[in-house]
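Spelled out, the chains give:
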Amino acid sequence: MTTVQDSPTAAGSGANASSSFKSAARSGAEASPERVSAVVTAVLQGVHAAIRSHAVTYPEFQAAKAWLMEVGEVGEWPLFMDVFVEHVVEEVAADQQHGTKGSILGPYYLPDQVRLPSSCELPHRAGEQGEPLVLSGQVRDVDGSPLAGAEVDIWHADADGYYSGFAPDIPLGNLRGVVTTDAEGKFEIRTVQPAPYQIPTDGPTGKLIQAAGWHPWRPAHLHLMVRASGHRTVTTQLYFAGGKWLDSDVAEATKPELILDPVDDGSGVRRVSYDFELEQG
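Basis of the calculations
- Residues numbered from 1 in each chain as written.
- Predicted model: local features only at pLDDT ≥ 70, side-chain atom pairs only at ≥ 80, totals over all residues.
- Heavy atoms only, no water.
- Patch = residues over 30% accessible without salt bridge, like charges linked within 9 Å, V, L, I, M, F, W, Y side chains within 5 Å.
- Areas by Shrake-Rupley, 256 points an atom, 1.4 Å probe, with all protein chains shown as cover.
- Salt bridge = Lys/Arg side-chain N within 4 Å of Asp/Glu carboxyl O.
- Helix = DSSP H or I, 4+ residues; strand = E, 2+ residues; numbered from the N terminus.
- Buried < 20%, exposed > 50% of the residue type's maximum accessible area, 1.4 Å probe, protein only.
- Pairing = 2+ DSSP bridges.
- Polar contact = N/O pair within 3.5 Å; in protein donor to acceptor, adjacent residues only side chain to side chain.
- Axes fitted to C-alpha atoms, helices over the stretch in contact; angles between N-to-C directions.
- Parallel < 35°, antiparallel > 145°, perpendicular 65-115°, else oblique.
- Contact = heavy atoms within 4.5 Å.
- Nonpolar A, V, L, I, M, F, W, Y, C, P; charged D, E, K, R; others polar.
- Core = buried A, V, L, I, M, F, W, Y, C linked by side-chain atoms within 4.5 Å.

### A short note on a nonpolar patch on the surface
And then number 1: A cluster of nonpolar side chains, Val39, Val43, Val47, Ile51, Val56, Tyr58 and Phe61, forms an exposed patch at the surface whose accessible area comes to about 610 Å².
And then number 2: Per element, the largest residue contribution to the nonpolar patch is four residues, and it comes from helix H2 (residues 33–53).
And then number 3: The topology assignment puts Tyr58 in helix H3 (residues 58–73).

### Overview of the pairing of strand S13 (residues 270–273)
If a strand is regular, its side chains alternate between the two faces of the sheet.
And then number 1: Side chains Arg270 and Val272 of S13 all project onto a buried face; the interleaved residues Arg271 and Ser273 project onto a face where none is buried.
And then number 2: With four bridges joining them, strand S3 (residues 132–141) and S13 adopt parallel strand pairing. Across the sheet, residue Leu133 finds its bridge partner in S13, namely Arg270.
And then number 3: Here strand S12 (residues 263–264) pairs with S13 via two bridges, running antiparallel. When the sheet's bridge partners are listed, Val263 is paired in S13 with Arg271.

### Points about the side chain of Thr100
And then number 1: Position of Thr100 relative to the elements: it lies in the loop between helix H5 (86–94) and strand S1 (115–116).
And then number 2: Of note is the side chain of Thr100, whose polar atom sits 2.7 Å from the backbone nitrogen of Glu277.

### A word on the pairing of strand S4 (residues 151–156)
And then number 1: Taking burial as the measure, the six residues of S4 include six buried ones, the bulk of the element.
And then number 2: The two faces of S4 match: Glu151, Asp153 and Trp155 on one face and Val152, Ile154 and His156 on the other face are all buried.
And then number 3: Pairing geometry for S4 and strand S9 (residues 221–227), over six bridges, is antiparallel. Bridging across to S9, Val152 finds its partner in Val226.

### As for the pattern of salt bridges
And then number 1: Inspection of the entire model under this criterion finds 15 salt bridges.
And then number 2: Note that Lys207 and Glu70 form a salt bridge whose closest N and O atoms lie 3.0 Å from each other. Placement of Lys207 in helix H6 (residues 204–212) and of Glu70 in helix H3 is noted, with a sequence separation of 137 residues between them.
And then number 3: Note on Lys207: relative accessible area 43%, which makes it partly exposed.
And then number 4: Salt-bridge contacts for Arg190 lead to Glu188; the nearest nitrogen and oxygen are separated by 3.6 Å.
And then number 5: Taking relative accessible area as the criterion, Arg190 reaches 31% and is therefore assigned partly exposed.
And then number 6: In the salt-bridge network here, residues are joined through shared partners; they are Arg115, Glu151, Asp153 and Arg227.

### Some points on the packing of H3 against H6
And then number 1: Look at H3 against H6: their axes get within 9 Å of each other, and the N-to-C directions meet at 140°. Classed by the angle they form, the pair H3 and H6 counts as oblique. Along the contact surface, H3 presents Trp67, Glu70 and Val71, while H6 presents Pro204, Thr205, Lys207 and Leu208.
And then number 2: Its residues assigned to classes, the contact of H3 with H6 comprises four nonpolar, one polar and two charged.

### Section: the nonpolar core
And then number 1: Core analysis: the biggest nonpolar cluster contains 46 residues, and Leu135, Val139, Leu224 and Leu238 have the highest contact counts within it.
And then number 2: Elements supplying a minimum of two residues to this core: helix H4 (77–84), S3, S4, strand S6 (186–192), S9, strand S10 (234–240) and strand S14 (276–278).
And then number 3: The residues contacting Leu135, other than those within four sequence positions of it, are Ile154, Phe187, Glu188, Ile189, Leu222, Leu224, Leu238, Leu260, Val272 and Tyr274.

### Brief notes about the sheet that holds strand S5 (residues 176–180)
As a general point, the strands of a sheet are linked pairwise by backbone hydrogen bonds and lie either parallel or antiparallel.
And then number 1: A sheet is described by the order of its strands in space; here six strands give the open sequence S1-S5-S4-S9-S10-S11, paired in mixed fashion. Looking at the sheet topology across the chains shown, the edges are occupied by S1 and strand S11 (259–260).
And then number 2: Relative to S11, S10 is paired through two bridges, and the arrangement is parallel. Residue Phe240 lies in a different strand from S11, and its bridge partner there is Leu260.

So, in structure tokens, the structure goes:
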């Protein structure tokens, strides 16, 4: 059963997520006026259709405006977009991709973490709580060739469901690292089992969830960004068989291909293997 403690505030988590998003390098071709017009028009038409079909009233409209303003004021747009929108963008991208299945990035990624060898233990606090977990595997091309020197960028919540960099009293870099594969593209990462967590609910995103009667929980998962020169980066999440909220993830990001089933090796350490295949790009 998940331990429930005082959560970091939505404002604090939102501010950190917004700061991280703004500081990240953004690249890509500028959208043409025709593309902007087509997408924005479609979005607005969807909003207009919802207003008409549900006979939205002026008080409801004004409440929506106030809510949108509050989301921006507390910096929760990365949280809201990553929870409720990103999974569809990822699904569209996946239609044109091969190799390991992707999933959403989420708002808790932090770049430039400590670099680690192929066999390693993630940075952690003394006495870090949680069941010991070992994730091993291989990174290879879609044709089966191992990718030596590939990067397995991994981060996850702790045993109470909190992320370093987004919660008080957790050292920066805790349970985060960039692992470099060996000559055979292999890696072995020692860490602890993360817990399910609820997204911050004391801000406007939480108000929306409560008003709609939804739950705010995400199942336990590992985040990974797997990179290799000349290949498309895979951003994904790995979940755990039998985990709570696996079938009702608030972010709708789970996929059957991404579910792990660790086995206790007899010493209290749960072990599991998962391989990554990257397409050239």
